[in-house]
Amino acid sequence: MKQQPSSRPVLQPMTVLVVEDQYALRQAMVQMLHNVGATHVWEAGSGAQAQLIFNAHQPDLVLLDVILPDCSGLDLLRRIRAAERQADSPAWTPIVLVSSLDDEAAIWDGILAGGDDYLAKPVSPTILAAKMLAMQRLQHTRRQLEVTGAALRQANTLLEQLVEIDPLTELTNRRGLDRILTVELGAALREQKPLSLILCDIDYFKQLNDAAGHVHGDAVLRQVAQLLRSACMRPRDVAVRYGGEEFLLVLPGTPQSGAMTLARGIQHVLAEVAIAHPASPVASHVSLSGGIVTLDHYASEVCQAELLEQADAALYAAKAGGRNRFVHVRDGAQSGRAGHASGEQ
Ligand SMILES: Nc1nc2c(ncn2[C@@H]2O[C@H](COP(=O)(O)OP(=O)(O)OP(=O)(O)O)[C@@H](O)[C@H]2O)c(=O)[nH]1
């Protein structure tokens, strides 16, 4: 004697598309589906009709007859799977093939074509409910994976941003600079627009640390970072913490004159804000020395390292010239005052 199932499977709300050309069989399946809790059942008697309903309603499950009047059920199945693969976000609808061709080759072909399971006619209500439950489990697991995947992608993006941020000053760090400079150098060459870099260094920062303590030194680094960030007015300007007490400004589309004006502005603000520096021989407040380089001749490509070396050489010239000043690489140490620092007057 046939054993009866212990209890009726409990289904989550589910919408189903039944593709079956024989009316009586289709109605029987629709009835069974309603009995096991399907929330909505669409009916299609042909492949074309099924495709239209599938595209319009995206059912949770498809029961698909293998032999249809206008096409093979397997062809329709392949078309649905191909569209899912091409979708922007990964999609998958459980599809159970229904056929009286319950020989092994037919089952094999159906699964190869993208079917998830196979149901033999005449359809048993219990087997149908059991397969719906199994498909629902698969669908649930897949959705959970999608949610986890999306959360992971979000966490990765955040992580990528965080690894490019200096924790003390919250400015872009050296790693971020490498990426940004690669992009901006490429853009400058492509668009034939100038690109300026200002490499600045806090004057006598060691003495400040020694006199006021490391914690105060950190606070000063944060203040200077904030000030430099504010000086970067254009959306593509970036302030970078280059090293301990060194900062770099990346100024796309900025010629030499623009970079010098910006440097003067920074010196002006530094004098106004007047962050105390009790141990500086060059100013009563925290001051910066800076080296400026501008890429505005595009005959040949310039590498990052070369530009940074030039900025460093100009910074060295600014220091050698007495600090608290900015020097453009083309001006050299003697003639390159970019602005006045009030403490030096
Ligand atoms: N508080 C603090 N100090 C730092 C940090 N990073 C580097 N420093 C200090 O910055 C100082 C840099 O010293 P130097 O390279 O001699 O530079 P300087 O004293 O500014 O001298 P000049 O650049 O020649 O004017 C060192 O004392 C470092 O310990 C940091 O994150 N916080």
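Above this text you will find the structure in question.
About the cut-offs
- Residues numbered from 1 in each chain as written.
- Predicted model: local features only at pLDDT ≥ 70, side-chain atom pairs only at ≥ 80, totals over all residues.
- Heavy atoms only, no water.
- Buried < 20%, exposed > 50% of the residue type's maximum accessible area, 1.4 Å probe, protein only.
- Helix = DSSP H or I, 4+ residues; strand = E, 2+ residues; numbered from the N terminus.
- Pairing = 2+ DSSP bridges.
- Axes fitted to C-alpha atoms, helices over the stretch in contact; angles between N-to-C directions.
- Parallel < 35°, antiparallel > 145°, perpendicular 65-115°, else oblique.
- Left-handed = near helix turned anticlockwise from the far one by under 90°.
- Contact = heavy atoms within 4.5 Å.
- Nonpolar A, V, L, I, M, F, W, Y, C, P; charged D, E, K, R; others polar.
- Salt bridge = Lys/Arg side-chain N within 4 Å of Asp/Glu carboxyl O.
- Expected span 1.5 Å × (residues − 1).
- Polar contact = N/O pair within 3.5 Å; in protein donor to acceptor, adjacent residues only side chain to side chain.
- Phe/Tyr/Trp six-rings, centres within 6.5 Å; stacked < 30°, edge-to-face > 60°.
- Lys NZ or Arg CZ within 6 Å of the ring centre and 35° of its normal.
- 1 Å grid on protein atoms, 1.4 Å probe; cavity = no way out; pocket = protein on both sides within 12 Å on 5 of 7 lines; lining within 4 Å.
- Points joined across faces, edges and corners; volume = space filled by probe spheres on them.

Asks: Would you mind going over the pairing of strand E9 (residues 288-295) with me for this structure?
Replies: Regular strands have side chains that alternate between both faces of the sheet. For E9, a buried count of eight out of eight residues is recorded, marking the element as mostly surrounded by other parts of the structure. Side-chain alternation along E9 places Leu288, Gly290, Ile292 and Thr294 on one buried face and Ser289, Gly291, Val293 and Leu295 on a second face that is also buried. In this structure, strand E6 (residues 195-202) lies alongside E9, joined through eight bridges in antiparallel fashion. Along E9, the bridge assignment pairs Ile202 with Leu288. The pairing of E9 with strand E10 (residues 326-328) spans three bridges and is parallel. Looking at E10, one finds that Ile292 is bridged to His328.

Asks: Can you walk me through the packing of helix H2 (residues 47-57) against helix H3 (residues 73-86) in this structure?
Replies: When two helices pack together, their arrangement is given by the angle between their axes and by how far apart the axes lie. Relative to each other, H2 and H3 sit at 25°, their axes nearing to 11 Å. In terms of axis orientation, H2 runs roughly parallel to H3. Along this stretch, H2 crosses H3, giving a crossing that reads as right-handed. Between H2 and H3, the residues in contact are Gly47, Ala50, Gln51 and Phe54 and Leu76, Arg79, Ile80 and Glu84, respectively. Across the contact of H2 with H3, the residue classes tally to four nonpolar, two polar and two charged.

Asks: Explain the pattern of salt bridges here, please?
Replies: Oppositely charged side chains may form a pair once their charged atoms are brought near each other. On inspection of all chains with the given rule, the structure shows 15 salt bridges. Note that Arg81 is salt-bridged to Glu84, the shortest N-O span being 2.8 Å. Note that Arg81 and Glu84 are positioned in helix H3 at a spacing of three residues, about one turn of the helix. In this structure Arg81 comes out as buried when scored by relative accessible area, which is 7%. Residues Arg81 and Asp116 are paired through a salt bridge, measuring 2.8 Å at the closest nitrogen-oxygen approach. Of the two residues, Arg81 is situated in helix H3 and Asp116 in the loop between helix H4 (104-112) and strand E5 (117-120); the sequence distance between them amounts to 35 residues. Each of Glu20, Asp65 and Lys121 takes part in a single network of salt bridges with overlapping partners.

Asks: Sorry if this is basic, but what is going on with the sheet that holds strand E8 (residues 246-252) here?
Replies: In sheet architecture, strand pairing relies on hydrogen bonds along the backbone and comes in two forms, parallel and antiparallel. As summarised here, the arrangement of the five strands in space is E7-E8-E6-E9-E10, forming an open sheet in which the pairing is mixed. Looking at strand neighbours, the two that pair on one side only are strand E7 (238-241) and E10, the edges of this open sheet. Each strand axis lies, on average, 20° off the axis of its neighbour in the sheet, ignoring direction. The strands touched by helix H9 (residues 256-273) are E6, E8, E9 and E10; relative to E9, the strand with the most contacts, the crossing angle is about 165°.

Asks: Sorry if this is basic, but what is going on with unusual backbone geometry here?
Replies: A cis amide bond links Lys121 to the next residue, Pro122, at an omega of -5°. Residue position: Pro122 is located in the loop between E5 and helix H5 (125-162). Despite not being glycine, Ala274 shows a phi value in the positive range, around 50°. Here Ala274 falls in the partly exposed class, since its relative accessible area comes to 39%. For Arg323, which is not glycine, the phi dihedral falls at a positive 65°. Mapped onto the secondary structure, Arg323 falls in the loop between helix H10 (304-320) and E10.

Asks: What should I look at first to understand helix H6 (residues 174-191) in this one?
Replies: Note on helix geometry: an α-helix contains 3.6 residues per turn, so any two residues three or four positions apart are oriented the same way. An ideal rise of 1.5 Å per residue puts 26 Å on 18 residues; H6 measures up with 25 Å between its terminal C-alpha atoms. As for H6, its buried residues are in contact with E6, E7, E8, E9 and H10. Measuring from the side-chain oxygen of the N-cap residue of H6 to the backbone nitrogen of Arg175 gives 3.1 Å; that N-cap residue is Asn173. Phi turns positive one or two residues past the end of H6, at Gln192, with a value near 55°.

Asks: What exactly am I supposed to notice about the packing of aromatic side chains here?
Replies: For any pair of aromatic rings, the description consists of the separation of the ring centres together with the inter-plane angle of the planes. In this structure the tally under the stated criterion is zero aromatic pairs. The cationic tip of Arg174 hangs over the ring face of Tyr242; the distance from NZ or CZ to the ring centre is 3.8 Å.

Asks: I'm lost on the layout of surface pockets in this one. Help?
Replies: In this approach a probe as big as a water molecule rolls over the atoms, and the regions it shows empty are the leftover space. The space that makes up the largest pocket amounts to roughly 200 Å³. For the lining of the largest pocket, the element with the most residues is H5, which contributes six residues. In terms of residue class, the lining of the largest pocket is made up of three nonpolar, four polar and three charged.

Asks: Can you help me understand the environment of Asp116 in this one?
Replies: With a relative accessible area of 26%, Asp116 lands in the partly exposed category. Counting along the chain gives 20 residues from Asp116 to Val96, while the straight-line C-alpha distance between them is 5.7 Å. With residues near it in sequence (within four places) discarded, Asp116 still touches Arg81, Trp92, Thr93, Pro94, Ile95, Ile111 and Met135. Engagement of the side chain of Asp116 in a polar contact is seen with the side chain of Trp92, the distance being 3.4 Å. At a separation of 2.8 Å, a polar atom in the side chain of Asp116 contacts the main-chain amide nitrogen of Ile95.

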